[in-house]
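Observations on the three-dimensional arrangement
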Amino acid sequence: MSRIKLSIKGAAGVSPLATIDDQKVKLRKNSFGNLEGNFEATEGSVLKIYTWEIISSPLWLLWEFVFFVVSVFGIFDWGRGKYLREIAFEVVLHPRGDDTIVATVLREKGEGSPALGLSCATETEIRENEYVNTAKLKKRRKIVNWLRFVAWLCIIGCAIAIIANFF
Amino acid sequence: MTSGDRLRIGVVRLGNIFFGISLVCTILTLFTAFTPFLFALYLLVLIFIVLITIGTIFVMVDDFGGFFTNSTEFMGSFTETALVAMPYFAGIGVAAAVLAVLLLSLEVRPKKHVAKIVLSVVFAVLTVAIVIFSRLVVQ
């Protein structure tokens, strides 16, 4: 059993989650804005680092509808869609002692481009390392934006009709 | 990622929305609570204009008396409406702030919404304080 320190650099705005053998790794932000966590690993432990967007959920249209209604037709939905990318990173560790794994979030965000750069003394076997669903998320976001636009046209139309009827 | 985690990520975004609602409602509560003071200030300014011109404003400006009466009536009805609306703004604001605190604290990702949670508590307390203060002043 080796004690491993995980440090994720450049994670500002990404907020990834990490698991080791499907157990969550508690990540904390340090004074430099990097995420850090500690875990114990054995031979063949699987480390996963990933992000998930609500818009990639199977119920994405329902979620977006709920957000649109609750936020009073999107007026209060301020933090929407700053970062539209999902990271899928999976690596098998073969630790020979305590180590520090430094993972750097890479800037290239195209579909299939590598998501994280890894630096450590531990022998690793990368199974998956890419940005995923980028095209799908962009398409869904476009659909949501169009639906919002149509909804707003309907709202404005109804408002005009009500005002015209009132006066 | 478990479905529970996914649900919590969605719920946290709802918390962000409720934070925005509580912010706006707190501002509206504050504004409506101060409307009577604004009305009093407006009256004072009008009276000051009359005093400084020793009443000649009524001769210099056509229908100043009508303007005085109409604008005072409008401000009076506006103040009345604002005071009626205040408890609704306050209620929505406090409810939204409480929901924001509850939902934002469910965050599973490493980002913690400490500032938003603290501000939501401040908004809730401030709104309740404004309502109590305005009730005391009215009484």
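That block above? That's the structure.
Below you will find a few notes about this structure. (Residues numbered from 1 in each chain as written. Chains lettered and ligands numbered in written order. Predicted model: local features only at pLDDT ≥ 70, side-chain atom pairs only at ≥ 80, totals over all residues. Heavy atoms only, no water.)

A word on the pairing of strand E6 (residues 45-50) of chain A. All names here are of chain A. In terms of burial, E6 is a largely internal element, 5 of the 6 residues being buried. In this sheet, E6 lies alongside strand E2 (residues 17-20) in antiparallel orientation, the contact comprising 4 bridges. Along E6, the bridge assignment pairs Ile-20 with Leu-47. (Buried < 20%, exposed > 50% of the residue type's maximum accessible area, 1.4 Å probe, protein only. Helix = DSSP H or I, 4+ residues; strand = E, 2+ residues; numbered from the N terminus. Pairing = 2+ DSSP bridges.)

Residues and elements named next belong to chain A. Across the sheet, 5 strands lie side by side as E3-E2-E6-E7-E10; this open sheet has antiparallel pairing. Bordering the open sheet on either side are strand E3 (23-24) and strand E10 (123-132), each of which pairs with just one other strand. Alignment of E2 against E3, held across 2 bridges, turns out to be antiparallel. Residue Ile-20 lies in a different strand from E3, and its bridge partner there is Gln-23.

Residue and element names in this part refer to chain A. Here 5 strands make up an open sheet; going across it, the order is E4-E5-E1-E8-E9 and the pairing mixed. Two strands bound the open sheet, and with one partner strand each, they are strand E4 (28-29) and strand E9 (116-119). Pairing of E4 with strand E5 (residues 35-41) involves 2 bridges; the strand directions are antiparallel. Note that in E5 the partner of Arg-28 across the bridge is Glu-36.

All right, on to the environment of Leu-104 of chain B then. All names here are of chain B. Here Leu-104 shows up in helix H3 (residues 64-104). Leu-104 gets classed as buried once you look at its relative accessible area, which sits at 2%. For the pair formed by Leu-104 and Val-125, sequence separation is 21 residues and the distance between their alpha carbons is 18 Å. If we skip the residues at most four places from it in the chain, Leu-104 touches Val-12, Gly-15, Asn-16, His-113, Lys-116 and Ile-117. (Contact = heavy atoms within 4.5 Å.)

Residue and element names in this part refer to chain B. Compared with the 74 Å implied by 1.5 Å per residue over 50 residues, the 71 Å span of helix H1 (residues 3-52) between its first and last C-alpha is a close match. A maximum bend of about 40° is found in H1 at Thr-35, where proline Pro-36 lies one to four positions downstream. Just downstream of H1, Ile-54 is the residue with a positive phi angle, here 50°. (Expected span 1.5 Å × (residues − 1). Bend = angle between axes of the 7 residues up to and from the residue.)

Taken together, the contact between chain B and chain A spans 19 residues of the former and 20 residues of the latter. Roughly 1900 Å² of surface becomes buried between chain B and chain A when both sides are summed, with 73% attributable to carbon and sulfur atoms. Area buried by chain B at its contact with chain A is led by Arg-13, Ile-17 and Pro-110 of chain B, which between them contribute 35% of it. Run the count over chain B and chain A and you get 3 salt bridges. One salt bridge in this structure joins Asp-77 of chain A and Arg-13 of chain B, with 2.9 Å as the shortest N-O distance. Here the side of chain B that touches chain A is composed, by residue class, of 12 nonpolar, 2 polar and 5 charged. (Buried area = accessible area lost by both parts, 1.4 Å probe. Salt bridge = Lys/Arg side-chain N within 4 Å of Asp/Glu carboxyl O. Nonpolar A, V, L, I, M, F, W, Y, C, P; charged D, E, K, R; others polar.)

Before going further, it helps to spend a moment on the packing of aromatic side chains. Residue and element names in this part refer to chain A. In this structure the tally under the stated criterion is 8 aromatic pairs over all chains. Between Phe-73 and Trp-152, the ring centres sit 6.2 Å apart and the planes meet at 75°, which makes this aromatic pair edge-to-face. Placement of the pair is Phe-73 in the loop between helix H1 (60-70) and strand E7 (86-94) and Trp-152 in helix H2 (residues 134-166), with a sequence separation of 79 residues. Judged by centre distance (6.1 Å) and plane angle (50°), the ring pair of Phe-76 and Trp-78 falls under tilted. On the basis of relative accessibility, which here comes to 12%, the residue Phe-76 falls in the buried class. Each residue in the set Phe-68, Phe-73 and Trp-152 is aromatic and connected to the rest through ring pairs, giving one cluster. (Phe/Tyr/Trp six-rings, centres within 6.5 Å; stacked < 30°, edge-to-face > 60°.)

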